[in-house]
Amino acid sequence: MVEEDIHKTAFRTHSGHYEWVVLPFGLTNALATFQNLMNDIFKEYIKKFILVFFYDILVYTKTWSEHIQCLSTTLQLLQDNSLVLNHKKCSFGKTKIDYLGHLISVNGVQPDEDKIVAIKRWPRPTTVKELRGFLGLSGYYKRFIRNYGKIAQPLAQLFMDNIVRLHGWPSEIILDRDSIFMNAFWTELMKKHAVKLLRSTAFHPQTDEQIEALNKALEVYLRCVTGDLPKKWSKYISSIEFWYNTKFHSATQLTPFEALYGYLSPMPNSTLTGDSLVETVDYTIKTREQITKLLHHNLLRAQERMKHYADLKRVDKEFKCGDLVYLKIQPYKQLTLENHAFHKLAARYYGPFKVLERIGKVAYKLELPTGTNIHGVFHVSLLKKHHGAHTVSTDFPVYNEEGEVQLQPQAILDRRMKKKGNRAITEVLIQWRHTNLEDAVWKELYAVQQQFPNFDWNSNRP
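Residues numbered from 1 in each chain as written. Predicted model: local features only at pLDDT ≥ 70, side-chain atom pairs only at ≥ 80, totals over all residues. Heavy atoms only, no water.

With that settled, consider the pattern of salt bridges. Here the structure, examined in full by the defined rule, presents seven salt bridges. A salt bridge links Arg 358 to Glu 318; the shortest N-O distance between them is 3.2 Å. Of the two residues, Arg 358 is situated in strand β12 (residues 349–359) and Glu 318 in the loop between α11 (279–312) and β10 (324–328); the sequence distance between them amounts to 40 residues. On the basis of relative accessible area, Glu 318 is assigned to the exposed category, the value being 60%. Connected through shared salt-bridge partners, Arg 416, Lys 418 and Glu 427 make up one network. (Salt bridge = Lys/Arg side-chain N within 4 Å of Asp/Glu carboxyl O. Helix = DSSP H or I, 4+ residues; strand = E, 2+ residues; numbered from the N terminus. Buried < 20%, exposed > 50% of the residue type's maximum accessible area, 1.4 Å probe, protein only.)

Following this line, the structure appears as structure tokens:
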């Protein structure tokens, strides 16, 4: 980890705060960052005698003398960039090697024998999911199979019969990054039919957050229906689909069914059991009513359970006009040049401020400093009673138009010269307003002068 980025990985445990000094691969974008590093280090030699995929480095040559020279260059580059290898995972001087599911030797590139055996022993697909899995595995080696497209065409047609027959070809498909959807067959098939693939990830709804919200709603509904009978969840999928499609949406002011077809879905009438001459009909109606009662019961129980756990974190607070309270502003996002605010370690409260008025049952209006451009009414959960003479800070942060805290420089604690490339630059140790002294960070002087032109950088020389 670069020293100036180590603080970004700060986390808290029961025994104190800790930071990563090496790159944790569980961190968001860590793999992409590492791959970019590898590409940058070996950019002059990639596809000449080096192939790199994350931490798998392949050095290939035609002769032994060339191999020794190229391997020496590779190891020297790793050493120059402070990168180390695990000797137990390294192989040197091999004429045949397994690399990314392929066997590479003097005879060229061949598929892995274990994968071929797995394809031959694959049981006959009986469902769409099993079919996608088989096509994904076999499609990985399609370049080694003559007329693979013609052979797989009947399977592809079966796949299309299960997907496209109801609504035709879509313009976009939102999917997760499962290997089934990342294989060459699926990607090429969608490309040929001008279908755009939007690949999302679980609980990271950058692609389409509506899908993530829908998934959560369906999960809650499914738990409420099958809470007592979890193994029978598959029987209620159609009911869940019907529930969602006939549910009124506040955003569209329509139900999904009405938005698609232009009219409301016909709803079943309330019918008393025992009136039908057909016993099966009575049984169906009775079962439906039982499911409805069970659903109402489970929804009420889920609501009470959520309220119970929420109440455990709630504390009854009540303030009087004239009381002094601290204000918690941690929910607002704090921004600097590179987002270097120490959010996890910074103070969480400001104040104290005087209570001017009680608004309803759970909100209070505070007397904020003149010039504060945020609304002065806050929920009681953001307030904490002031005791004694201690003052945190009554100097409120500066907010931008989006309600985000924009930290401002308060003082320059130190200066230093540093080499950057082939030139020398000046860096300053800045203490930001509303942060502790130990949270000061080094910044390039020219960059912060451009960011904060109204700050007097000369009068604050250490």
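The grouping of Met 1, Phe 11, Tyr 18, Trp 20, Val 21 and Val 22 at the surface amounts to a nonpolar patch, some 560 Å² of accessible area in total. Looking at where Trp 20 falls in the secondary structure, it is placed in the loop between β2 (16–18) and α1 (30–41). (Patch = residues over 30% accessible without salt bridge, like charges linked within 9 Å, V, L, I, M, F, W, Y side chains within 5 Å. Areas by Shrake-Rupley, 256 points an atom, 1.4 Å probe, with all protein chains shown as cover.)

A few words now on the confidence of the model for the protein. The predicted model of the protein has a mean per-residue pLDDT of 77, with 78% of residues at 70 or higher. Note on residues 202–206: pLDDT under 50 across the span, and five contacts to partners over four residues away in sequence or across chains. In this model residues 331–345 is a low-confidence stretch, pLDDT under 50, and it forms 44 contacts with partners more than four residues away in sequence or in other chains. (pLDDT = per-residue confidence, 0-100. Contact = heavy atoms within 4.5 Å.)

Right, let's talk about unusual backbone geometry for a bit. With a phi close to 70°, Lys 47 is a non-glycine residue in the positive phi region. Note that Lys 47 resides in the loop between α1 and β3 (50–53). You will see that Ala 194, though not glycine, has its phi angle at about 55°, which is positive. Turning to its location among the elements, Ala 194 is positioned in the loop between α7 (184–192) and β9 (196–199). Note on Ala 194: relative accessible area 63%, which makes it exposed.

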